[in-house]
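Now for the letters of each chain:
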Amino acid sequence: MTSHPSIGQLATLACILEATAPKPGNVHPGAMFSDLKFRHFLASAIAIGPHMELARFLGVGQTVLDAITSTQQCVSTNTNLGMVLLLAPLAAVPREQSVEQGINKVLSLLNAKDSQQVYAAINLAKPGGMGTSHSHDLSAPAPDNLLWAMQAASDRDMVARQYCNDFADVIHFIAPRIAELSSDGHDLLTVIVATHVEVMSKFPDSLIARKCGTDVADQAARRAANVLAAGPIGSTAYHSALRELDSWLRADQHLRNPGTSADLATAGIFVALRDLNVNLKATSMFSNASPFLQHDQSTSL
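Residues numbered from 1 in each chain as written. Predicted model: local features only at pLDDT ≥ 70, side-chain atom pairs only at ≥ 80, totals over all residues. Heavy atoms only, no water.

J.: Describe the overall build of the protein chain, with residues and values.
T.: When its secondary structure is counted, the protein chain shows 15 helices and 0 strands. A burial count over the protein chain gives 54% of its 301 residues as buried. Residue pairs in contact within the protein chain that sit at least 24 positions apart in sequence constitute 75% of those at least 6 positions apart. A total of about 13000 Å² of accessible surface is found on the protein chain, and carbon and sulfur atoms cover 51% of it. (Helix = DSSP H or I, 4+ residues; strand = E, 2+ residues; numbered from the N terminus. Buried < 20%, exposed > 50% of the residue type's maximum accessible area, 1.4 Å probe, protein only. Contact = heavy atoms within 4.5 Å. Areas by Shrake-Rupley, 256 points an atom, 1.4 Å probe, with all protein chains shown as cover.)

J.: Which residues make up helix α8 (residues 146–153), and what are the values?
T.: Buried residues of α8: Leu146, Ala149, Met150 and Ala153, and no others. Buried residues of α8, viewed axially, fall in a sector of 100°; they line one side. Measuring from the side-chain oxygen of the N-cap residue of α8 to the backbone nitrogen of Leu147 gives 2.8 Å; that N-cap residue is Asn145. (Arc of directions from axis to C-beta. Polar contact = N/O pair within 3.5 Å; in protein donor to acceptor, adjacent residues only side chain to side chain.)

J.: Requested: an account of the confidence of the model for the protein chain, with residues and values cited.
T.: Looking at the protein chain as a whole, the pLDDT averages 89, with 88% of positions reaching at least 70. Note that residues 129–137 has pLDDT below 50 and, in this model, 12 contacts with residues that lie over four places away or in other chains. In the predicted structure, residues 286–299 sits below a pLDDT of 50 and forms 35 contacts with residues beyond four places in sequence or in another chain. (pLDDT = per-residue confidence, 0-100.)

J.: With reference to specific residues and values, describe the packing of helix α4 (residues 60–74) against helix α5 (residues 81–91).
T.: The geometry of α4 relative to α5 is characterised by a closest axis approach of 9 Å and an angle of 145° between their N-to-C directions. At the point where α4 passes α5, the crossing takes the right-handed sense. Contacts from Val60, Thr63, Val64, Ala67 and Ile68 in α4 reach Leu81, Val84, Leu85, Ala88 and Pro89 in α5. Each residue belonging to the contact of α4 with α5 can be placed in one class, and the counts come to 9 nonpolar, 1 polar and no charged. (Axes fitted to C-alpha atoms, helices over the stretch in contact; angles between N-to-C directions. Left-handed = near helix turned anticlockwise from the far one by under 90°. Nonpolar A, V, L, I, M, F, W, Y, C, P; charged D, E, K, R; others polar.)

J.: Describe the nonpolar core, naming the residues involved and giving the relevant values.
T.: Core analysis: the biggest nonpolar cluster contains 82 residues, and Met52, Val64, Tyr163, Phe167 and Phe270 have the highest contact counts within it. Beyond its immediate stretch of four places on either side in the chain, Phe270 contacts Ile7, Leu10, Ala11, Ala14, Leu87, Leu90 and Ala91. Counting residues in hydrophobic clusters, the runner-up holds 6 residues, among them Ala19, Phe33, Leu36 and Phe38. (Core = buried A, V, L, I, M, F, W, Y, C linked by side-chain atoms within 4.5 Å.)

J.: Tell me what's going on with the environment of Ala125, and back it up with residues and numbers.
T.: On the secondary structure map, Ala125 appears in helix α7 (residues 112–125). Overall, the relative accessible area of 5% leaves Ala125 in the buried class. Separated by 49 residues in sequence, Ala125 and Ser76 have C-alpha atoms that sit 9.3 Å apart. Not counting the four nearest positions on each side in its chain, Ala125 is found in contact with Ile68, Gln72, Asn78 and Leu81.

J.: Which residues make up the environment of Val159, and what values do they have?
T.: Mapped onto the elements, Val159 comes out in helix α9 (residues 158–164). Along the primary structure Val159 and Leu86 are separated by 73 residues, whereas in three dimensions their C-alpha atoms are 6.7 Å apart. When neighbours within four sequence positions are excluded, Val159 is seen to be in contact with Gly82, Leu85, Leu86 and Thr260.

J.: How would you sum up the packing of α4 against α7? Please name residues and give values.
T.: Where α4 contacts α7, the two axes come as close as 7 Å, and the packing angle between them is 20°. Put simply, α4 runs roughly parallel to α7. Pair α4 / α7 crosses with left-handed handedness. Along its contact with α4, which presents Val60, Gly61, Gln62, Val64, Leu65, Ile68, Thr69 and Gln72, the element α7 presents Asp114, Gln117, Val118, Ala120, Ala121, Leu124 and Ala125. (Parallel < 35°, antiparallel > 145°, perpendicular 65-115°, else oblique.)

J.: So what's going on with unusual backbone geometry? Residues and values would help.
T.: For Asp166, which is not glycine, the phi dihedral falls at a positive 55°. According to the relative accessible area criterion, Asp166 is partly exposed, its value standing at 28%. Phi at Phe167 takes a positive value of approximately 60°, unusual for a residue other than glycine. Its location among the elements puts Phe167 in the loop between α9 and α10 (168–183).

J.: Account for the side chain of Thr195, naming residues and giving values.
T.: Structurally, the position occupied by Thr195 is in helix α11 (residues 188–202). The exposure class of Thr195 is buried, given its relative accessible area of 2%.

J.: Can you lay out the packing of aromatic side chains for me, pointing to particular residues and giving the numbers?
T.: Two aromatic rings, taken as a pair, are described by how far apart their centres are and by the angle between their planes. In this structure the tally under the stated criterion is 2 aromatic pairs. When the ring of Phe173 is compared with that of Phe203, the centres are 6.0 Å apart and the planes differ by 75°; the resulting orientation is edge-to-face. Note that Phe173 is positioned in helix α10 and Phe203 in the loop between α11 and α12 (206–212), a separation of 30 residues in sequence. On the basis of relative accessibility, which here comes to 7%, the residue Phe203 falls in the buried class. Directly above the ring of Phe173 sits Lys202, whose terminal nitrogen or CZ lies 5.2 Å from the centroid. A cation sits over an aromatic face here: Arg256 above Trp248, 4.4 Å from the ring centre. (Phe/Tyr/Trp six-rings, centres within 6.5 Å; stacked < 30°, edge-to-face > 60°. Lys NZ or Arg CZ within 6 Å of the ring centre and 35° of its normal.)

Written out as C-alpha coordinates, the structure is:
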(Lines give C-alpha, C1' and ligand atoms only; values in the text may rest on other atoms or scores of the structure.)
Protein backbone atom coordinates (compact mmCIF):
# COMPACT_ATOMS: atom_id res chain seq x y z
CA MET A 1 0.00 0.00 0.00
CA THR A 2 1.35 3.42 -1.00
CA SER A 3 1.40 5.93 1.82
CA HIS A 4 0.75 9.55 0.85
CA PRO A 5 1.60 12.59 2.96
CA SER A 6 -1.29 13.81 5.06
CA ILE A 7 -2.98 17.15 4.41
CA GLY A 8 -1.17 18.66 7.38
CA GLN A 9 2.17 17.37 6.14
CA LEU A 10 1.49 18.74 2.66
CA ALA A 11 0.66 22.17 4.09
CA THR A 12 3.89 22.19 6.10
CA LEU A 13 5.88 20.96 3.09
CA ALA A 14 4.40 23.66 0.87
CA CYS A 15 5.40 26.36 3.35
CA ILE A 16 8.92 24.97 3.80
CA LEU A 17 9.50 24.59 0.06
CA GLU A 18 8.29 28.13 -0.57
CA ALA A 19 10.53 29.54 2.16
CA THR A 20 13.53 27.51 0.99
CA ALA A 21 13.36 28.51 -2.67
CA PRO A 22 15.61 31.57 -3.20
CA LYS A 23 12.91 33.85 -4.54
CA PRO A 24 13.82 37.46 -5.34
CA GLY A 25 12.88 39.90 -2.61
CA ASN A 26 11.91 37.26 -0.03
CA VAL A 27 13.45 35.52 2.97
CA HIS A 28 15.18 32.20 2.26
CA PRO A 29 18.24 30.35 3.63
CA GLY A 30 20.54 32.87 1.96
CA ALA A 31 18.71 36.10 2.73
CA MET A 32 16.88 37.69 5.61
CA PHE A 33 15.37 40.90 6.90
CA SER A 34 16.32 42.51 10.19
CA ASP A 35 13.18 41.20 11.91
CA LEU A 36 12.47 38.10 9.85
CA LYS A 37 14.67 35.07 9.23
CA PHE A 38 14.38 31.70 7.54
CA ARG A 39 14.03 29.89 10.88
CA HIS A 40 10.88 31.91 11.61
CA PHE A 41 9.27 30.49 8.48
CA LEU A 42 10.33 26.95 9.37
CA ALA A 43 8.82 27.26 12.84
CA SER A 44 5.62 28.71 11.37
CA ALA A 45 5.35 25.91 8.81
CA ILE A 46 5.56 23.30 11.53
CA ALA A 47 3.11 25.18 13.75
CA ILE A 48 0.27 25.18 11.24
CA GLY A 49 0.48 21.56 10.09
CA PRO A 50 -1.70 19.95 12.78
CA HIS A 51 -4.40 22.59 12.29
CA MET A 52 -4.50 22.12 8.53
CA GLU A 53 -4.92 18.40 9.17
CA LEU A 54 -8.13 19.16 11.08
CA ALA A 55 -9.49 21.78 8.66
CA ARG A 56 -11.98 19.36 7.11
CA PHE A 57 -13.56 18.80 10.52
CA LEU A 58 -13.18 22.19 12.23
CA GLY A 59 -13.90 24.47 9.29
CA VAL A 60 -12.03 27.35 7.71
CA GLY A 61 -12.43 30.04 10.38
CA GLN A 62 -11.38 27.85 13.30
CA THR A 63 -8.44 26.52 11.30
CA VAL A 64 -7.23 30.01 10.43
CA LEU A 65 -7.53 31.21 14.03
CA ASP A 66 -5.86 28.11 15.50
CA ALA A 67 -3.03 28.22 12.97
CA ILE A 68 -2.29 31.91 13.56
CA THR A 69 -2.51 31.44 17.33
CA SER A 70 0.03 28.63 17.17
CA THR A 71 2.25 30.68 14.87
CA GLN A 72 2.22 33.62 17.26
CA GLN A 73 3.35 31.31 20.03
CA CYS A 74 6.44 30.46 17.96
CA VAL A 75 7.41 33.77 16.36
CA SER A 76 6.99 37.42 17.24
CA THR A 77 5.97 38.72 13.82
CA ASN A 78 3.55 37.93 11.04
CA THR A 79 5.11 35.22 8.86
CA ASN A 80 2.16 33.41 7.33
CA LEU A 81 -1.25 35.08 7.54
CA GLY A 82 -1.72 35.10 3.77
CA MET A 83 -0.55 31.51 3.49
CA VAL A 84 -2.93 30.39 6.22
CA LEU A 85 -5.88 32.24 4.70
CA LEU A 86 -5.20 30.44 1.42
CA LEU A 87 -4.32 27.02 2.78
CA ALA A 88 -7.23 26.64 5.21
CA PRO A 89 -10.00 26.38 2.56
CA LEU A 90 -7.81 24.17 0.38
CA ALA A 91 -7.05 21.88 3.32
CA ALA A 92 -10.76 21.67 4.18
CA VAL A 93 -11.58 19.92 0.89
CA PRO A 94 -12.15 16.19 1.56
CA ARG A 95 -9.14 14.14 0.52
CA GLU A 96 -11.20 11.92 -1.77
CA GLN A 97 -12.00 14.98 -3.92
CA SER A 98 -9.63 17.15 -5.88
CA VAL A 99 -9.34 20.74 -4.71
CA GLU A 100 -10.99 21.86 -7.93
CA GLN A 101 -13.97 19.58 -7.25
CA GLY A 102 -14.45 20.51 -3.62
CA ILE A 103 -13.42 24.12 -3.07
CA ASN A 104 -16.74 25.69 -4.08
CA LYS A 105 -18.65 23.77 -1.41
CA VAL A 106 -16.09 24.69 1.25
CA LEU A 107 -16.45 28.37 0.42
CA SER A 108 -20.24 28.20 0.16
CA LEU A 109 -20.46 26.90 3.74
CA LEU A 110 -18.59 29.86 5.26
CA ASN A 111 -20.74 31.55 7.90
CA ALA A 112 -20.72 34.35 10.48
CA LYS A 113 -18.61 32.31 12.89
CA ASP A 114 -15.95 31.79 10.23
CA SER A 115 -15.96 35.53 9.65
CA GLN A 116 -15.49 36.30 13.34
CA GLN A 117 -12.65 33.79 13.64
CA VAL A 118 -10.85 35.01 10.54
CA TYR A 119 -11.11 38.64 11.68
CA ALA A 120 -9.75 37.62 15.10
CA ALA A 121 -6.83 35.87 13.40
CA ILE A 122 -6.06 38.88 11.20
CA ASN A 123 -6.01 41.19 14.19
CA LEU A 124 -3.83 38.72 16.09
CA ALA A 125 -1.30 38.55 13.25
CA LYS A 126 -1.23 42.34 12.79
CA PRO A 127 -0.21 42.22 9.12
CA GLY A 128 1.69 45.19 7.73
CA GLY A 129 0.05 47.65 5.39
CA MET A 130 -3.54 46.54 5.95
CA GLY A 131 -4.86 49.98 6.80
CA THR A 132 -8.59 50.61 6.93
CA SER A 133 -11.38 51.05 4.43
CA HIS A 134 -14.87 52.45 4.51
CA SER A 135 -16.35 48.94 4.30
CA HIS A 136 -15.26 45.95 6.35
CA ASP A 137 -12.67 47.79 8.44
CA LEU A 138 -10.69 45.11 10.28
CA SER A 139 -10.96 47.08 13.52
CA ALA A 140 -14.76 46.97 13.25
CA PRO A 141 -16.95 43.96 14.08
CA ALA A 142 -16.69 41.13 11.59
CA PRO A 143 -19.40 41.04 8.90
CA ASP A 144 -21.98 38.27 8.93
CA ASN A 145 -20.63 36.87 5.67
CA LEU A 146 -16.88 36.47 5.21
CA LEU A 147 -17.28 36.35 1.44
CA TRP A 148 -18.77 39.86 1.50
CA ALA A 149 -15.57 41.16 3.07
CA MET A 150 -13.42 39.21 0.64
CA GLN A 151 -15.45 40.54 -2.28
CA ALA A 152 -14.97 44.10 -1.05
CA ALA A 153 -11.20 43.58 -0.98
CA SER A 154 -10.86 41.39 -4.07
CA ASP A 155 -9.96 44.23 -6.43
CA ARG A 156 -6.91 45.13 -4.34
CA ASP A 157 -5.93 41.88 -2.63
CA MET A 158 -5.09 38.65 -4.43
CA VAL A 159 -5.72 36.48 -1.35
CA ALA A 160 -9.25 37.85 -1.02
CA ARG A 161 -9.76 37.34 -4.74
CA GLN A 162 -9.25 33.59 -4.39
CA TYR A 163 -12.22 33.37 -2.03
CA CYS A 164 -14.35 35.04 -4.70
CA ASN A 165 -13.29 33.03 -7.75
CA ASP A 166 -13.05 29.51 -6.27
CA PHE A 167 -9.25 29.80 -6.13
CA ALA A 168 -9.13 29.95 -9.92
CA ASP A 169 -5.70 31.62 -10.06
CA VAL A 170 -4.19 28.99 -7.79
CA ILE A 171 -5.92 25.97 -9.31
CA HIS A 172 -5.84 26.87 -13.00
CA PHE A 173 -2.62 28.86 -13.32
CA ILE A 174 -0.14 28.53 -10.45
CA ALA A 175 -0.41 24.82 -9.59
CA PRO A 176 -0.45 23.66 -13.24
CA ARG A 177 2.56 25.87 -13.97
CA ILE A 178 4.48 24.23 -11.13
CA ALA A 179 3.55 20.81 -12.47
CA GLU A 180 4.47 21.77 -16.04
CA LEU A 181 7.90 23.15 -15.16
CA SER A 182 8.57 20.17 -12.89
CA SER A 183 7.75 17.76 -15.71
CA ASP A 184 10.36 19.55 -17.83
CA GLY A 185 13.04 18.23 -15.46
CA HIS A 186 13.74 21.35 -13.41
CA ASP A 187 14.56 21.05 -9.72
CA LEU A 188 11.46 21.93 -7.70
CA LEU A 189 13.11 24.90 -6.01
CA THR A 190 14.03 26.31 -9.42
CA VAL A 191 10.41 25.76 -10.45
CA ILE A 192 9.13 27.63 -7.41
CA VAL A 193 11.39 30.61 -8.10
CA ALA A 194 10.28 30.75 -11.74
CA THR A 195 6.62 30.40 -10.82
CA HIS A 196 6.93 33.08 -8.16
CA VAL A 197 8.34 35.49 -10.75
CA GLU A 198 5.52 34.60 -13.17
CA VAL A 199 2.95 35.29 -10.44
CA MET A 200 4.60 38.66 -9.75
CA SER A 201 4.47 39.56 -13.44
CA LYS A 202 0.86 38.48 -13.92
CA PHE A 203 -0.62 39.82 -10.67
CA PRO A 204 0.99 43.01 -9.26
CA ASP A 205 1.83 42.13 -5.68
CA SER A 206 -0.86 43.13 -3.17
CA LEU A 207 1.55 43.58 -0.28
CA ILE A 208 3.80 45.89 -2.29
CA ALA A 209 0.72 47.85 -3.35
CA ARG A 210 -0.47 48.24 0.25
CA LYS A 211 2.94 49.39 1.48
CA CYS A 212 4.21 51.38 -1.48
CA GLY A 213 1.25 52.08 -3.76
CA THR A 214 0.00 50.59 -6.99
CA ASP A 215 2.61 52.34 -9.15
CA VAL A 216 5.43 50.54 -7.34
CA ALA A 217 3.54 47.24 -7.50
CA ASP A 218 3.08 47.72 -11.24
CA GLN A 219 6.78 48.51 -11.61
CA ALA A 220 7.65 45.31 -9.73
CA ALA A 221 5.41 43.37 -12.11
CA ARG A 222 7.16 44.87 -15.13
CA ARG A 223 10.56 44.05 -13.70
CA ALA A 224 9.43 40.46 -13.08
CA ALA A 225 8.25 40.26 -16.69
CA ASN A 226 11.72 41.40 -17.78
CA VAL A 227 13.21 38.40 -15.97
CA LEU A 228 10.94 36.04 -17.87
CA ALA A 229 11.89 37.70 -21.13
CA ALA A 230 15.63 37.67 -20.42
CA GLY A 231 16.22 34.05 -21.31
CA PRO A 232 15.36 30.42 -20.53
CA ILE A 233 15.25 29.23 -16.93
CA GLY A 234 18.79 28.51 -15.82
CA SER A 235 20.49 30.63 -18.45
CA THR A 236 23.09 33.26 -17.59
CA ALA A 237 20.80 36.03 -18.79
CA TYR A 238 17.91 34.70 -16.66
CA HIS A 239 20.02 34.60 -13.49
CA SER A 240 21.44 38.04 -14.21
CA ALA A 241 17.92 39.43 -14.50
CA LEU A 242 16.93 37.67 -11.27
CA ARG A 243 19.84 39.34 -9.49
CA GLU A 244 18.73 42.73 -10.74
CA LEU A 245 15.15 42.13 -9.63
CA ASP A 246 16.28 40.91 -6.23
CA SER A 247 18.52 43.94 -5.71
CA TRP A 248 15.72 46.34 -6.63
CA LEU A 249 13.18 44.62 -4.37
CA ARG A 250 15.59 44.74 -1.41
CA ALA A 251 16.78 48.31 -2.00
CA ASP A 252 14.08 49.71 0.30
CA GLN A 253 14.48 47.21 3.16
CA HIS A 254 11.37 45.01 2.91
CA LEU A 255 8.83 47.61 1.79
CA ARG A 256 8.97 46.01 -1.67
CA ASN A 257 8.82 42.46 -0.35
CA PRO A 258 6.50 40.53 -2.74
CA GLY A 259 4.81 38.67 0.09
CA THR A 260 1.44 38.07 -1.56
CA SER A 261 3.15 36.43 -4.53
CA ALA A 262 4.88 34.10 -2.08
CA ASP A 263 1.55 33.29 -0.41
CA LEU A 264 -0.02 32.43 -3.76
CA ALA A 265 2.99 30.31 -4.69
CA THR A 266 2.60 28.38 -1.42
CA ALA A 267 -1.04 27.62 -2.20
CA GLY A 268 -0.02 26.52 -5.68
CA ILE A 269 2.65 24.22 -4.28
CA PHE A 270 0.09 22.64 -1.95
CA VAL A 271 -2.35 21.95 -4.79
CA ALA A 272 0.43 20.69 -7.07
CA LEU A 273 1.67 18.27 -4.41
CA ARG A 274 -1.85 17.17 -3.46
CA ASP A 275 -3.49 16.75 -6.86
CA LEU A 276 -0.95 17.01 -9.69
CA ASN A 277 1.62 14.37 -8.70
CA VAL A 278 4.58 16.75 -8.49
CA ASN A 279 7.59 14.69 -7.49
CA LEU A 280 9.24 15.73 -4.23
CA LYS A 281 12.29 13.63 -5.13
CA ALA A 282 13.14 16.32 -7.69
CA THR A 283 13.94 18.72 -4.87
CA SER A 284 17.43 19.57 -3.67
CA MET A 285 16.61 21.57 -0.57
CA PHE A 286 19.90 23.49 -0.37
CA SER A 287 21.28 22.94 -3.87
CA ASN A 288 22.45 25.44 -6.42
CA ALA A 289 19.00 25.20 -7.98
CA SER A 290 18.86 28.95 -8.37
CA PRO A 291 22.32 30.37 -7.74
CA PHE A 292 21.57 33.97 -8.67
CA LEU A 293 21.68 35.18 -5.07
CA GLN A 294 25.03 35.72 -3.42
CA HIS A 295 24.20 36.08 0.24
CA ASP A 296 26.08 34.42 3.08
CA GLN A 297 23.82 31.52 4.02
CA SER A 298 25.60 30.93 7.30
CA THR A 299 24.33 34.21 8.76
CA SER A 300 20.70 34.18 7.74
CA LEU A 301 19.05 31.14 9.27
